[in-house]
Structures are given as structure tokens and as C-alpha cells.
Amino acid sequence: IIAYSGSGVTQEVASRCSVSIRDLMKEQLLTPGAAQSRPLLLLVDRTVDIASALHHPFTYRGLLTDTLGMKLNKVSFTDAEGKEKTFEVDPETDAFFRQCGSLEFDEISKKTDDALESWQREAKALSLDGQSDEADTQHMSKVIANAPKLAEKKRSVDAHTCLAHEIFSRVKQGNLDAFHGVEEAFLRRD
């Protein structure tokens, strides 16, 4: 299948490519590949900004989509130990994702550490420190009132730490950071 847009030069190039490929196949110098391993030849004229269409952002949200296949706010993957993990990342309710989704991935490690420290400070503030019985009662009611919020924050921090770790391992495994450098240089025309 050869597809092209418009007419003129793009139509002529597509037509010549089609004739050349068919001739090579008739002479058996070129054999069709399996449906899953067909190479892609993309022909565009200079008026098309192909870099924008092929750009993969190196942000937390972009890498969740590109490396872990986030779809419909769900991320499922098998970790290094062979365990299947599934997380829901809802931008409406997940404060960490809302704040950090558009950040460059190299900043995410610091942000997860900051979120964990914040949770630890809040948990420590709610711990009992040898107070009187009356203060104990007031403190316990405060702990009970804040426990669901604190538990949700801990769950979110743990989930994003796990997701960031898995993204990092996949980035290193596939040398995606090197490809990102090349892509950025291409976009900057270095």
C-alpha cells in the first residue's frame, strides 16, 4: 500500500516507487515480508513538519504512554520479578500526576522523594508523643479524621515510585535517553 496526500510531486514520487517495487517483485529481487515485519517507507514533502508528528515527549506522562502503554488512565505491566502490576492514574483525582505529569522525567525522582518526605512529615505529626488522656482523645479523633487522606497519599506515592522505577528501567534497557537526545538535536537542528 502506497499512500500519499495531494497531487503533483508527491503523486509522482509515489507512482514511481510503486512501479519500482512492483518491478523488483516481478523479477523476484524483492520478496514481500510477513505482515508483522513490513518495513515502512514514509515520503513527505518539505512542507510537512514530520518532526512534530514523530516527537515523543520525555515527560512523565509521555513515558507512561510510550514505555508502559497507558490507556484509559490505566497502566499494566509485568515487573522484573514477573509480577503483573496494574495502576490507575486519574488526572482528576491524582494530585501527584496532575502536578508532575508534564515535567521532564529526570525531575520525577526528586518529586517522588519530596512526596514521600511530605507523607512522612504528616504521619509523624499525627503520632502520639506521651500526651495526657484528654489530649490523647483529641489527637485520636484527629488521626481518625486524617487517616483516609494519609493512606491515599501513601498509596499514590508508592504507585508513582513503582511506575517511575519501571519507566527508568525500560528507558535504560532501550537506550531511550540516547534516542531522546538525538530527537532533541534534530528538533533544534543541531
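Residues numbered from 1 in each chain as written. Predicted model: local features only at pLDDT ≥ 70, side-chain atom pairs only at ≥ 80, totals over all residues. Heavy atoms only, no water.

Looking now at the pairing of strand S1 (residues 74-78). Burial along S1 is one-sided: the face carrying Val 75 and Phe 77 is buried and the face carrying Lys 74, Ser 76 and Thr 78 is not. Summarising the sheet, S1 and strand S2 (residues 84-88) pair through five bridges and their orientation is antiparallel. When the bridges of S2 are listed, Lys 74 appears paired with Glu 88. The antiparallel pairing of S1 with S2 creates a hairpin that spans five residues between the two strands, and Gly 82 there sits at a positive phi of about 85°. (Buried < 20%, exposed > 50% of the residue type's maximum accessible area, 1.4 Å probe, protein only. Helix = DSSP H or I, 4+ residues; strand = E, 2+ residues; numbered from the N terminus. Pairing = 2+ DSSP bridges.)

Structurally, Asp 94 can be placed in the loop between S2 and helix H4 (95-100). As a buried residue without a salt bridge, Asp 94 has its nearest oppositely charged side chain in Arg 155, at a separation of 5.1 Å. Engagement of the side chain of Asp 94 in a polar contact is seen with the side chain of His 160, the distance being 2.7 Å. When sequence neighbours within four positions are dropped, the list of residues in contact with Asp 94 reads Val 89, Ser 156 and His 160. (Lys, Arg positive; Asp, Glu negative; His and termini not counted. Salt bridge = Lys/Arg side-chain N within 4 Å of Asp/Glu carboxyl O. Polar contact = N/O pair within 3.5 Å; in protein donor to acceptor, adjacent residues only side chain to side chain. Contact = heavy atoms within 4.5 Å.)

Moving on, we come to the nonpolar core. Within the largest apolar cluster, 24 residues are counted, with the highest numbers of intra-cluster contacts made by Tyr 60, Leu 64, Val 75, Phe 105, Leu 163 and Ile 167. Residue assignment for this core shows that the elements contributing at least two residues are helix H3 (60-68), S1, H4, helix H5 (108-125) and helix H6 (133-173). When residues in this core are grouped by element, the largest group, seven residues, is from H6. Apart from residues no more than four positions distant in its own chain, Ile 167 is found in contact with Tyr 60, Leu 63, Leu 64, Thr 67, Leu 68 and Phe 105. (Core = buried A, V, L, I, M, F, W, Y, C linked by side-chain atoms within 4.5 Å.)

Our focus in this paragraph is empty space enclosed by the protein. According to the stated counting rule, one finds one cavity of 30 Å³ or more in the structure shown. Here the largest cavity is characterised by a volume of approximately 40 Å³. If you trace the largest cavity, you find it lined by Phe 87, Glu 88, Val 89, Asp 94, Arg 155, Ser 156, Ala 159, His 160 and Leu 163. Mapped by element, the contributors of at least two residues to the lining of the largest cavity are S2 and H6. Broken down by element, the lining of the largest cavity gets its largest block of residues, five residues, from H6. (1 Å grid on protein atoms, 1.4 Å probe; cavity = no way out; pocket = protein on both sides within 12 Å on 5 of 7 lines; lining within 4 Å. Points joined across faces, edges and corners; volume = space filled by probe spheres on them.)

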